[in-house]
Amino acid sequence: MKVIVAKTAGFCWGVRRAMDAVLEASARSDGRTIQTLGPLIHNPQALELLGKRGVAVAPSPDKVEKGTVVIRAHGIPIQDLRGLKERQKQGELKIVNATCPEVAKVHSRIKKWSPKGYFTVILGTHGHAESVAHQSFAESGSAIVANMEEARALPDAQLRKVLVVAQTTFTVKDFREITDYIRGRAGEAIFENTICEDTWTRQEEAQELARTVDAVVVVGGKSSSNTKHLAELAHHHGKPVQYVETASELDLGAFTGRETVGVMAGASTPTWLVDEVVDVLEQLGGGPNRWRNFAQAAFGSSSLMAIGGALMTAGIHRWLGLPPSWRYPLLTATYVLAMYLFSPFLDPLGLGAKGPARARFLERNRRSLLLSGTLAMAATLGLAASLGLRPLGVVAAASLMGAAYKRRFRLGNRTLSLRGIPGSKDGMVALALATVSVAMPVWQAGRAWDLRAFAALFLVGVLAFVRTVIYEIRDMQNDQIIGKETLPILLGKRATKAVLALLLGALLAGTLWLTFQTRAEGHPLAVALVLVLCAGYPMFYLWLYHERFTTRRARFELSVDLSFWLVGLLALV
């Protein structure tokens, strides 16, 4: 059975923004109360995880305690916001406003036209937090209209001078039908299509997917308006639809004889819940597709990183003028692969640190993954031994340091751990890769430690550091467990991005200066271009995939590991 996942399945950018805000606030709370005014989003599993992080839910403004309050993605009534701001002035509260910008646009439309006497008709769900918030801005009166029947019941007096807006998750089809009807009855009317672009994109994709598959699974909270609409759209195409919150609710027997199943999810559904459902569905089938999915999940990222490490090592060695050798690049690749495969099994937080679906995959394939890691480590030590005792000692020490990093050790009455050092993980990864791929070969070859050698060490260290931090930002967004040994938790996401920009800027400036200082050697313009690509690509990746398009599940997505592959171009210039 083939499983097709909608590209837009999972958090929309507005929900992602709200989750980022509350996760960062909880990570940097320093013991202060963190609370959201009403549920942050309409997904009980995501809210449960927030609860485990110490985020409470205040059901009403008068129940908000001293500390930090996060305004949910749906927004809140203007009078409630004013009350919270008064308390903020008095020093009782810190307000983090996570209202979705698309929701705020609706508020601005109402604030523009309502004071001019326009009655506001809000196409949306009665009692929904977003629609209730919209109503609070309507000075000249308002009504929520959920369907055509309610539109027909609107009094003529309310339609003499009317503004029509929509809840951002309203269905496009119903919006068009209702606005066409109101246009025929209204006197002076203004129509604002305030349905979020992400909403209508999901709805269009839902219809297209429902037409092409044998069955549909919709994943999301039962109280989520946009998720309900997706299920309704799938039903219209006559396909069997299962609307579930978690994989445990799936009726697996209903997929017997089905060749294809489409999976779609609401804007408030976490990625890991979608992955969990997909993981269960894929286990129903066998054959090539299942094995391809296994290979991708087990070795996809690690292989990209390992190959990139090998190419980077070859490029750096050519840049430094070291004797050409296939053993050093291969050693870097097997070392990276071994540490990548062993890492989740060494985590004291358990396999669940990477989310339930990933934890299940790791547990189910524990033996094969650990065997692969052992073979990779054996190859690493064998290659190091073939290069000499010094390389063997360096690789063995680096491997032991990596294995011991996450473990706790007792020293008298104290429990010590390298992981307990704030921001240590990112530095350790960068140091290990720079040591194995640059420092050890330079030492073994007896090459002088000149400016170019230090620049090479800095180049590899910065790229490894940036790569690790970018993946941590992604993990934080996917609500995976990361701690203060990581930079995003230690400094916060915004400050972390500033650090990355400064490091990459320094890398670019330094390596370009060095290239042109030694322009008599090699092809400086080509080398300069490669260095520009190496330093610029990670920032481009971060902006493209973690700022603008985090809600898309692209069929093809560039990898941040490409920055290592780009360094390999130094071997050609």
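Refer to the structure printed above.
Residues numbered from 1 in each chain as written. Predicted model: local features only at pLDDT ≥ 70, side-chain atom pairs only at ≥ 80, totals over all residues. Heavy atoms only, no water.

Explanation requested: the environment of Asn193 in the structure shown.
If you trace the backbone, Asn193 turns up in the loop between β9 (188-191) and α8 (197-212). Remark: the alpha-carbon pair of Asn193 and Val165, spanning 28 residues in sequence, is separated by 6.1 Å. (Helix = DSSP H or I, 4+ residues; strand = E, 2+ residues; numbered from the N terminus.)

Could you clarify how one ought to interpret the pairing of strand β6 (residues 119-123) in this entry?
Within a regular beta strand, the side chains point alternately toward one face of the sheet and then the other, so they alternate between its two faces. For β6, a buried count of 5 out of 5 residues is recorded, marking the element as mostly surrounded by other parts of the structure. Residues Phe119, Val121 and Leu123 of β6 are buried on one face, and the alternating residues Thr120 and Ile122, pointing to the opposite face, are buried as well. In this sheet, strand β8 (residues 161-166) lies alongside β6 in parallel orientation, the contact comprising 5 bridges. Looking at β8, one finds that Leu123 is bridged to Ala166. Taken together, the 4 bridges between β6 and strand β7 (residues 142-145) define a ladder with parallel strand orientation. Across the sheet, Thr120 pairs through a bridge with Ser142, a residue of β7. (Buried < 20%, exposed > 50% of the residue type's maximum accessible area, 1.4 Å probe, protein only. Pairing = 2+ DSSP bridges.)

How should the pattern of salt bridges be read in this particular structure?
It is possible for side chains of opposite charge to pair when their charged atoms get near one another. Counted under the stated rule, the structure contains 13 salt bridges. Its salt-bridge partner being Lys89, residue Glu86 comes within 3.8 Å of it at the nearest N-O pair. Of this pair, Glu86 and Lys89 are both found in helix α3 (residues 78-89), 3 residues apart, which corresponds to roughly one turn of the helix. Of the residues examined, Lys89 reaches a relative accessible area of 67% and is grouped as exposed. One salt bridge connects Asp561 with Arg467, and the closest N-O pair in it is separated by 2.7 Å. (Salt bridge = Lys/Arg side-chain N within 4 Å of Asp/Glu carboxyl O.)

In this structure, what is going on with the sheet that holds strand β1 (residues 2-5)? I would like to understand it.
Two pairing modes exist for strands in a sheet, parallel and antiparallel, and in both the strands are linked by backbone hydrogen bonds. Across the sheet, 4 strands lie side by side as β1-β12-β10-β11; this open sheet has parallel pairing. Across the chains shown, the open sheet's two edge strands, defined by having one partner strand only, are β1 and β11 (241-244). On average, adjacent strands in this sheet sit at an angle of 20° to one another, irrespective of strand direction. Pairing geometry for strand β10 (residues 215-219) and strand β12 (residues 260-265), over 5 bridges, is parallel. Residue pairing across strands places Val217 opposite Val263, the latter belonging to β12. Packing against the sheet, helix α9 (residues 225-235) makes contact with β10, β11 and β12, and its axis sits at approximately 170° to β11. (Axes fitted to C-alpha atoms, helices over the stretch in contact; angles between N-to-C directions. Contact = heavy atoms within 4.5 Å.)

Please explain the pairing of strand β4 (residues 67-71) as it appears in this structure.
Extensive coverage of β4 is indicated by the burial of 5 of its 5 residues. Direction of pairing for strand β2 (residues 34-37) relative to β4: parallel, over a ladder of 4 bridges. Each residue of the ladder has a partner; that of Leu37, found in β4, is Ile71. One ladder, built from 5 bridges, connects β4 with strand β5 (residues 93-97); its direction is parallel. Bridge assignment links Ile71 to a residue of β5, and that residue is Asn97. The β-α-β motif built from β4, the intervening α3 and the parallel element β5 has right-handed crossover chirality. (Right-handed = clockwise from strand over helix to strand, strands pointing away.)

Geometric values such as these leave the question of function open.
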